[in-house]
Amino acid sequence: FATDVSASFAQQLGCVVGCMPFTYLGLPMGTTRPTLMDLMPMICSVERRLSSAASLLDYGSKLTLVNSVISSIAIYSMCSVKLPVKVIEHLDKLRRQCLWTRKIGEETKSTALDAWTMVCRPKSKGGLGIVDLKLQNQGLLLKQLHKFYNRLDVPWVHLIWSSYYTDRIPHG
């Protein structure tokens, strides 16, 4: 009876056990690039962190919230997945809203005090030190390529080299 119930529940969800794409540790796994819909749980997680209490924080606290919490959620995914441009734009929009929105009495105002490109610069260059997600994504994926091509002592690198590239160099 229990297997019949779980099978009918999976069919109601539109998926059978073992179908693609699925999520593993919060990341979408599939045979194609993740779409906007595949990454919506990550975006929803960021939106949950942006509560109405964020409008009560001062600018320094909001900057800390954006750098340590909101950007970290995206960076976890970016270590292994190239995020689509639309997802990065949406995350930047959420980070801008969190940083610049302030509450005055019953009224909520959102005025940017500086250009976003200036805000994303390092603090030593006059910016606020907010991570540029597009550059960070490219850098994290290049780190994975570095591990692969230099055959570092990582299990997934050994698996790929021993399975597919025993007698030749990739892309050689």
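Our subject is the structure that appears above.
Residues numbered from 1 in each chain as written. Predicted model: local features only at pLDDT ≥ 70, side-chain atom pairs only at ≥ 80, totals over all residues. Heavy atoms only, no water.

Focus: the overall build of the protein
Selection criterion: A helix here means a DSSP run of H or I that spans at least four residues, while a strand means a run of E at least two residues long, and both kinds are numbered starting from the N terminus. Three exposure classes are used, based on accessible area relative to the maximum for each residue type with a 1.4 Å probe and protein chains only: buried under 20%, partly exposed in between, and exposed over 50%. Contact definition: two residues touch when any of their heavy atoms are within 4.5 Å.
Summing up its helical and strand segments, the protein has 7 helices and 4 strands in all. In sequence order, the secondary structure elements of the protein are arranged as α-β-β-α-α-α-β-β-α-α-α. For the protein, the residues scored as buried account for 27% of the 172 residues in total. For the protein, contacts bridging at least 24 residues in sequence account for 54% of all contacts bridging at least 6.

Thoughts on helix 3 (residues 59-78)
This is how the line gets drawn: In a helix, the anticipated span is given by 1.5 Å times the number of residues less one.
Compared with an ideal rise of 1.5 Å per residue, which puts 20 residues at 28 Å, helix 3 spans 26 Å between its outermost C-alpha atoms and is within 8% of the ideal. Residues of helix 3 that are buried: Lys62, Leu63, Leu65, Val66, Ile70, Ser71, Ile73, Ala74, Ser77 and Met78.

Some words on the nonpolar core
To keep things clear, this is the line we draw: For this analysis, a nonpolar core means a set of buried residues of the types Ala, Val, Leu, Ile, Met, Phe, Trp, Tyr and Cys, connected via side-chain atoms within 4.5 Å.
By size, the foremost hydrophobic cluster in this structure holds 26 residues, and its most contacted members are Leu83, Val87, Leu91, Leu99, Trp116 and Ile130. Those elements giving two or more residues to this core turn out to be helix 2 (40-49), helix 3, helix 4 (85-100), helix 5 (116-119) and helix 6 (133-149). Setting aside chain neighbours within four positions, we find Ile130 in contact with Leu63, Val66, Asn67, Arg95, Leu99, Trp116, Val119, Cys120 and Arg121.

Describing the packing of aromatic side chains
Definition in use: Side-chain rings of Phe, Tyr and Trp, where Trp is taken by its six-membered ring, are said to pair if the distance between their centres is within 6.5 Å; with planes under 30 degrees apart they count as stacked, over 60 as edge-to-face, and otherwise as tilted. Whether a charge sits over a ring comes down to the Lys NZ or Arg CZ being within 6 Å of the ring centre and within 35 degrees of the ring normal.
Following the criterion strictly, the structure yields 5 aromatic pairs and no others. With 5.2 Å between their ring centres and 70° between their planes, Phe148 and Tyr149 make a pair best called edge-to-face. Grouping aromatic residues by their ring pairs yields a cluster made of Phe148, Tyr149, Trp161 and Tyr165. Positioned over the ring face of Trp116 is Arg96, at 5.6 Å from the centre of the ring. Positioned over the ring face of Trp161 is Arg151, at 3.6 Å from the centre of the ring.

Observations concerning the pattern of salt bridges
Counted only if it meets this: Here a salt bridge means any side-chain nitrogen of Lys or Arg lying within 4 Å of a carboxyl oxygen belonging to Asp or Glu.
All told, the structure shown has 1 salt bridge when counted by the stated rule. Here Arg95 and Asp92 are joined by a salt bridge, their closest N and O atoms 2.6 Å apart. Residue Arg95 and its partner Asp92 are both found in helix 4; the two are separated by 3 residues, about one turn of the helix. Grouping residues by exposure puts Arg95 and Asp92 together as buried.

Here we look at the environment of Val46
Tracing the backbone shows Val46 in helix 2. Classification of Val46 as buried rests on a relative accessible area of 0%. Setting aside residues up to four positions removed in sequence, Val46 forms contacts with Ile70, Ile73, Leu91 and Leu94.

Some details on unusual backbone geometry
Despite not being glycine, Arg151 shows a phi value in the positive range, around 50°. If you trace the backbone, Arg151 turns up in the loop between helix 6 and helix 7 (155-164).

Quick notes on a nonpolar patch on the surface
Heads up, the rule is: Surface patches are defined over residues having more than 30% relative accessible area and no salt bridge, joining like charges when they lie within 9 Å and nonpolar side chains (Val, Leu, Ile, Met, Phe, Trp, Tyr) when within 5 Å. Per-residue accessibility takes into account occlusion by the displayed protein chains alone, with areas from the Shrake-Rupley method and a 1.4 Å probe.
Together, Met20, Phe22, Tyr24, Leu25 and Tyr76 give the surface a local cluster of nonpolar side chains, amounting to about 560 Å² of exposed area. Within the element layout of this structure, Phe22 appears in strand 1 (residues 22-24).

Observations regarding the side chain of Ser71
Worth spelling out the cut-off: Under the rule applied, a polar contact is a pair of N or O atoms within 3.5 Å (in protein, one hydrogen donor and one hydrogen acceptor; residues adjacent in sequence only if both atoms are side-chain atoms).
Among the secondary structure elements, Ser71 is positioned in helix 3. Polar contacts involving the side chain of Ser71 include one to the side chain of Arg95, which spans 2.9 Å. Beyond its immediate stretch of four places on either side in the chain, Ser71 contacts Val66 and Arg95.

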